[in-house]
Amino acid sequence: MRSEPAGTLAPRVVVVHRRTELDDLIDRHATRGQVEFFLRERGRDLAEVQRRHDALMQARRRVSAAVPVDWRHGEVERADLDRFRFDAGDIVVALGQDGLVANVAKYLDGQPVLGVDADPGRGVGVLVRHLAGQVAAALADLAAGRAVVQRRTMVSALLDDGQRLTALNEIYLGDAGHQSARYDLALPDGRHESQSSSGVIVGTGTGATGWLASLRHDRGHQGDPPTPEQHRLAWFVREAWPSPTSGTRCTAGHLMADEQLEVIVRSDRLVVFGDGLERDHLNATWGQQVTLRRAEQVLHLVVPSA
């Protein structure tokens, strides 16, 4: 078979989605009858679970129909993202809620992401800004070069053994069981402090509407949060514990474009995870250094033009 010359392939639209609650329940309980019984015992209604399932299926059909017939089309479930290869020219459609955009962001390198709300009204909709019926027009805008694209800052953690993790909202470093984490913290201004706390969180302007918002509220809205496209991060230490060997002076601040936090682990083991995905974590053991800073990659998020 003769291969096409480089650069002549039609654009590929990759639709990223996740399994529905109904899919998972049927896998677990085998029959719809058993699912209905399980939900009823917990005061829930199968009809609502079915409605959300149907809404996602209908949105997937509408998105697929919006892809031009001469373009390529692929699909991948969220659980398979770590095994899926995105190509440089792909256009990614994340069909679901905001968390799905965050899930896919770390696997990309400049590909535009179109967030599509599969069930409007159920989520915040910060990242899924389009409806399924708007996808055809958004793809046309991308092809014509007139789409509005936000370049949202991401955050990274680098271990001294070369392991790296990137996130869109925030990165957490702490004890796997959310008990006391012990470490030495080094700030960009030269200050150092040994601490015992519930962990360190470093977040972006995108994360400022999530976990960071809760942390800022608890601190009396300390400092202005970064905006999504700013090269600035916010960081917080959770529940720092004062003792003869641990301090509480350095518990919040900002990291400018090229600044970083350095953490030397003083517990047997701490974990590092991003965007709330605890199962997808790095392990940092005693004596290891973890560097937390702005990531080199950014999320190219397509947003409505008006």
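For the structure itself, consult the block above.
All of these numbers come straight from a predicted model, not from anything done at the bench.

Calculation criteria
- Residues numbered from 1 in each chain as written.
- Predicted model: local features only at pLDDT ≥ 70, side-chain atom pairs only at ≥ 80, totals over all residues.
- Heavy atoms only, no water.
- Helix = DSSP H or I, 4+ residues; strand = E, 2+ residues; numbered from the N terminus.
- Buried < 20%, exposed > 50% of the residue type's maximum accessible area, 1.4 Å probe, protein only.
- Contact = heavy atoms within 4.5 Å.
- Areas by Shrake-Rupley, 256 points an atom, 1.4 Å probe, with all protein chains shown as cover.
- Lys, Arg positive; Asp, Glu negative; His and termini not counted.
- Charge placed at Lys NZ, Arg CZ, Asp CG, Glu CD.
- Pairing = 2+ DSSP bridges.
- Core = buried A, V, L, I, M, F, W, Y, C linked by side-chain atoms within 4.5 Å.
- Axes fitted to C-alpha atoms, helices over the stretch in contact; angles between N-to-C directions.
- Parallel < 35°, antiparallel > 145°, perpendicular 65-115°, else oblique.
- Salt bridge = Lys/Arg side-chain N within 4 Å of Asp/Glu carboxyl O.
- Polar contact = N/O pair within 3.5 Å; in protein donor to acceptor, adjacent residues only side chain to side chain.
- Phe/Tyr/Trp six-rings, centres within 6.5 Å; stacked < 30°, edge-to-face > 60°.
- Lys NZ or Arg CZ within 6 Å of the ring centre and 35° of its normal.

Colleague: Is there a simple way to explain the overall build of the protein in this structure?
Modeller: The number of helices and strands found in the protein is six helices and 16 strands. C-alpha extents for the protein along the principal axes are approximately 65 × 55 × 45 Å. For the protein, with 306 residues in total, the buried portion stands at 46%. A sequence separation of at least 24 residues applies to 66% of the contacts in the protein between residues at least 6 apart. Surface summary for the protein: the accessible area is close to 15,400 Å², and the carbon and sulfur share equals 47%. Charge separation in the protein, taken as the distance between the mean sites of 37 positive and 41 negative side-chain charges, equals 2 Å.

Colleague: Explain the pairing of strand β13 (residues 260-265) here, please?
Modeller: Where a strand is regular, its side chains alternate between the two sheet faces. Strand direction decides the pairing type here: strand β8 (residues 181-186) and β13, joined by four bridges, are antiparallel. Directly across from Tyr-183, in β13, lies its bridge partner Val-265. By the bridge criterion, five bridges tie β13 to strand β16 (residues 289-303) in an arrangement that is antiparallel. Across the sheet, the residue bridging to Val-263 is Val-290, located in β16.

Colleague: Got a minute to help me understand the nonpolar core in this structure?
Modeller: The nonpolar side chains of a soluble globular protein tend to be buried with one another. With 27 residues, the main nonpolar core has Leu-185, Val-202, Trp-235, Leu-261, Val-290 and Leu-292 as its most contacted residues. Those residues in contact with Leu-292 that lie beyond four places of it in its chain are Ser-156, Ala-157, Ile-171, Val-200, Val-202, Leu-255, Gln-260, Leu-261 and Val-263. If you look at the next biggest cluster of nonpolar residues, it comprises 22 residues, including Phe-86, Ala-94, Leu-100 and Val-128.

Colleague: Before we go on, may I ask you to explain the packing of helix α1 (residues 21-29) against helix α3 (residues 46-66) in this structure?
Modeller: Each packed pair of helices is defined by two parameters, the angle between the axes and the distance between the axes. Their axes nearest at 8 Å, the elements α1 and α3 cross at an angle of 120°. Taken together, α1 and α3 sit at an angle that is classed as oblique. For the pair α1 and α3, the contacting residues are Glu-21, Leu-22, Asp-23 and Leu-25 in the first and Leu-46, Val-49, Gln-50, Arg-52 and His-53 in the second.

Colleague: How do you make sense of unusual backbone geometry when you look at a structure like this?
Modeller: The bulk of non-glycine residues show a negative phi, and the bulk of peptide bonds are trans. We note that Ala-30 has phi near 80°; this positive angle belongs to a residue other than glycine. With respect to the helices and strands, Ala-30 occurs in the loop between α1 and α2 (32-41). Despite not being glycine, Glu-239 shows a phi value in the positive range, around 50°. With respect to the helices and strands, the residue Glu-239 is situated in the loop between β11 (233-237) and β12 (252-255).

Colleague: Where do I start with the side chain of Asp-275 in this structure?
Modeller: Turning to its location among the elements, Asp-275 is positioned in the loop between β14 (269-274) and β15 (281-285). Of the side chains bearing the opposite charge, Lys-106 lies closest to the buried Asp-275, which forms no salt bridge; the N-O distance is 6.6 Å. From its side chain, Asp-275 meets the backbone nitrogen of Leu-168 in a polar contact 3.0 Å long. Ignoring any residue separated from it by four or fewer positions in sequence, one finds Asp-275 in contact with Ala-102, Ala-167, Leu-168, Asn-169 and Glu-170.

Colleague: Is there a simple way to think about the pattern of salt bridges in this case?
Modeller: Opposite charge on two side chains allows them to pair when their charged atoms are near. Evaluated as defined, the whole model comprises 20 salt bridges. When the shortest N-O distance is used, the salt bridge between Asp-189 and Arg-191 registers 2.8 Å. With relative accessibility at 38%, the residue Arg-191 sits in the partly exposed group. In this structure, a network of salt bridges that share partners links the residues Glu-21, Arg-44, Glu-48, Arg-51, Arg-52 and Asp-119.

Colleague: Before we go on, may I ask you to explain the sheet that holds β14 in this structure?
Modeller: Strands in a sheet are paired, the pairing made by backbone hydrogen bonds, and the direction either parallel or antiparallel. Spatially, six strands are ordered β12-β11-β10-β7-β14-β15 in an open sheet, and the strand pairing comes out antiparallel. Two strands bound the open sheet, and with one partner strand each, they are β12 and β15. Averaged over all pairs of adjacent strands, the angle between their axes in this sheet comes to 20°, without regard to strand direction. For strand β7 (residues 170-174) and strand β10 (residues 200-203), the ladder comprises four bridges, and the chain directions are antiparallel. Among the inter-strand pairings, Tyr-172 is bridged to a residue of β10, identified as Ile-201.

Colleague: Help me out: how do you make sense of the packing of aromatic side chains in this one?
Modeller: How two aromatic rings sit relative to each other is set out by the distance from centre to centre and by the angle between their planes. Scanning all chains against the criterion turns up three aromatic pairs. Summarising the aromatic geometry, the rings of Tyr-172 and Trp-211 are spaced 5.9 Å apart at their centres and angled 20° between planes, so their arrangement reads as stacked. Placement of the pair is Tyr-172 in strand β7 and Trp-211 in helix α6 (residues 211-218), with a sequence separation of 39 residues. A relative accessible area of 0% places Tyr-172 in the buried class. A relative accessible area of 27% means that Trp-211 is categorised as partly exposed. Of the aromatic side chains, those joined through ring pairs into one cluster are Tyr-172, Trp-211 and Phe-273. In this structure, Arg-266 is placed above the aromatic ring of Trp-286, and the distance from its NZ or CZ to the ring centre is 4.9 Å.

Colleague: Can you walk me through the side chain of Ser-197 in this structure?
Modeller: Here Ser-197 lies in strand β9 (residues 192-197). Within the structure, the side chain of Ser-197 is placed 2.8 Å from the side chain of Tyr-183, a separation counted as a polar contact. There is a polar contact of 2.9 Å between the side chain of Ser-197 and the backbone nitrogen of Gly-199. Once residues lying within four places of it in the same chain are set aside, the contact partners of Ser-197 are Gln-179, Ser-180, Ala-181, Tyr-183, Val-237, Arg-238, Glu-239 and Ala-240.

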